[in-house]
Amino acid sequence: MKVLLLGSGGREHAIAWKIAQSSILDELFIAPGNAGTKKHGKNIDISVTDFEGIKNFVLQQHIDMVVVGPEEPLVLGIYDFFVNDPQLKNVAVIGPSQEGAQLEGSKDFAKAFMTRHNIPTAKYGTFNADTVADGLRFLDNMKGPYVLKADGLAAGKGVLILEDLDEAKKELQEMLLEEKFGKASAKVVIEQFLDGIELSVFAITDGESFKLLPEAKDYKRIGEGDTGLNTGGMGAISPVPFADAAFMDKVLNRVVIPTIKGLKQEKITYNGFVFFGLINVKGDPYVIEYNCRMGDPETEVVMPRLKSDILDLFEGVATHTLSERDIQFHDKTAATVMMVAGGYPGTYEKGKTIYGLNSITDSIVFHAGTLADGPSVLSNGGRVLAVTSYGKNLQSALERSYDSISKITFEDANYRKDIGKDVLEY
Ligand code: AMP
Ligand code: GLY
């Protein structure tokens, strides 16, 4: 099989690493990829949203399957672009239709979907510029903290959690009337605040059946003890100690099965990953968000725990025979710690030479934001490297990752020293 993988982050490096191990792979291309994906295939300089460029490459190289890493091309309708093009319609696309991608692309769509299918989630209201007054009244009738969410994609920045009612009202008006998040905040979802511990659950589906992947927990804030600004993710672990059989049974029956059934019932084409961002409130799962792709950095622990051939699963998705495929996991813990550029998630510099990568033997170093420069590897983003390790338990996996990190250097590198600590005692 000839495969084109779209994306350039740690998630895509982890997926490329896994695809490269497949017994049915002939050739792997990554567009645009990074200095890490280059080791597993050929990087192609095409942007993930350049559909015409992707089309030309797919036709020229006789690509059999396109695996879509990030949400943007999915929300822009890459699946539909392929299906509706006579020359491309036989190329498999791993990712949902544009309608399915609305689970991530529109918070309002996702909330309405959950309501229709009785999937547990925070109570909410949706407002637009014409209904600001209703939104303000809605806030008046709530208890804080106040959760405001821009409806559309806002690069992970569109969620505000505010303690103060007046501040919440001011933000709501800025979002709706002053386009605080551009078009993404033309609609705003106001939600009840849920207090609990978060985790990420992943399924892959062919629209009929699904397989659960290993669950993971990511660490979103820049600072230790989960403080400071939100980031794309500073580390992740899998399995999640508090996600025991009883909890996962609730997740399966209350969230995953109703979601897959709901998509099918509503005839929403969905051939790809579903990411359930969940919160455990006193033992009960609630959906905080859906994403239409894998998580990052969760993928950097999920792929290492997947034992089965991922292309076999993808082929099952593409041919609607997923139920016949086998999925197995490694019975080990995986932990990843993200090395980021100094200053991130604020302003930071790129182009720092990374030293020590070749000395790492006990971890898998997934590149998140890197660029090859001859034999050198340069930082090329806020999140630079995801250092993943296996262990017989969480403690030993974390020790390995931190030991490897001590051997990798680049100017102003930063990382959180407390990944996994909050759940070590479980
Ligand atoms: P989202 O983009 O919807 O995942 O929201 C970003 C983050 O905000 C989540 O990962 C949670 O930490 C937090 N969050 C979102 N919605 C809620 C909620 N209803 N209650 C508490 N925290 C929330
Ligand atoms: N790690 C959270 C996400 O990928 O959205």
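The rules behind these values
Residues numbered from 1 in each chain as written. Chains lettered and ligands numbered in written order. Predicted model: local features only at pLDDT ≥ 70, side-chain atom pairs only at ≥ 80, totals over all residues. Heavy atoms only, no water. Buried < 20%, exposed > 50% of the residue type's maximum accessible area, 1.4 Å probe, protein only. Helix = DSSP H or I, 4+ residues; strand = E, 2+ residues; numbered from the N terminus. Contact = heavy atoms within 4.5 Å. Near = heavy atom within 4 Å. Polar contact = N/O pair within 3.5 Å; in protein donor to acceptor, adjacent residues only side chain to side chain. Areas by Shrake-Rupley, 256 points an atom, 1.4 Å probe, with all protein chains shown as cover. Nonpolar A, V, L, I, M, F, W, Y, C, P; charged D, E, K, R; others polar. Pairing = 2+ DSSP bridges.

## Quick look at helix α2 (residues 51-61)
Line of reasoning, step 1. Residues of α2 that are buried include every one of Phe51, Gly53, Ile54, Lys55, Phe57 and Val58, and no others.
Line of reasoning, step 2. Residues of α2 that are buried make contact with β1 (2-7), β2 (27-32), β4 (65-68), α3 (71-75) and α4 (78-83).
Line of reasoning, step 3. With its phi angle positive at about 55°, His62 sits one or two positions after the end of α2.

## Things to note about the site of ligand 1
Line of reasoning, step 1. Near ligand 1, the surroundings consist of 14 residues, among which Glu191, Gln192, Leu194, Glu198 and Glu289 are the closest.
Line of reasoning, step 2. In this structure, Gln192 approaches ligand 1 through a main-chain N or O atom, which is 2.9 Å from a nitrogen atom.
Line of reasoning, step 3. Contact with the protein chains hides 87% of the accessible area of ligand 1, taken as 470 Å² for the molecule alone.
Line of reasoning, step 4. Where the shell around ligand 1 is concerned, the elements lending two or more residues are β7 (146-150), β8 (159-162) and β17 (284-291).
Line of reasoning, step 5. When the residues that make up the shell around ligand 1 are grouped by side-chain class, the tally is 7 nonpolar, 1 polar and 6 charged.

## Digging into unusual backbone geometry
Line of reasoning, step 1. A cis geometry characterises the amide bond from Gly144 onward to Pro145, with omega recorded as -10°.
Line of reasoning, step 2. Structurally, Pro145 is set in the loop between α7 (132-140) and β7.
Line of reasoning, step 3. For His62, which is not glycine, the phi torsion reads 55° and is therefore positive.
Line of reasoning, step 4. Its location among the elements puts His62 in the loop between α2 and β4.
Line of reasoning, step 5. By relative accessible area, His62 is classed as exposed at 58%.

## Points about the pairing of strand β14 (residues 227-230)
Line of reasoning, step 1. Pairing of strand β13 (residues 221-223) with β14 involves 2 bridges; the strand directions are antiparallel. Residue Arg221 lies in a different strand from β14, and its bridge partner there is Asn230.
Line of reasoning, step 2. Once β13 ends, the chain turns through 3 residues before running back antiparallel as β14, passing Gly225 with a positive phi of about 75°.

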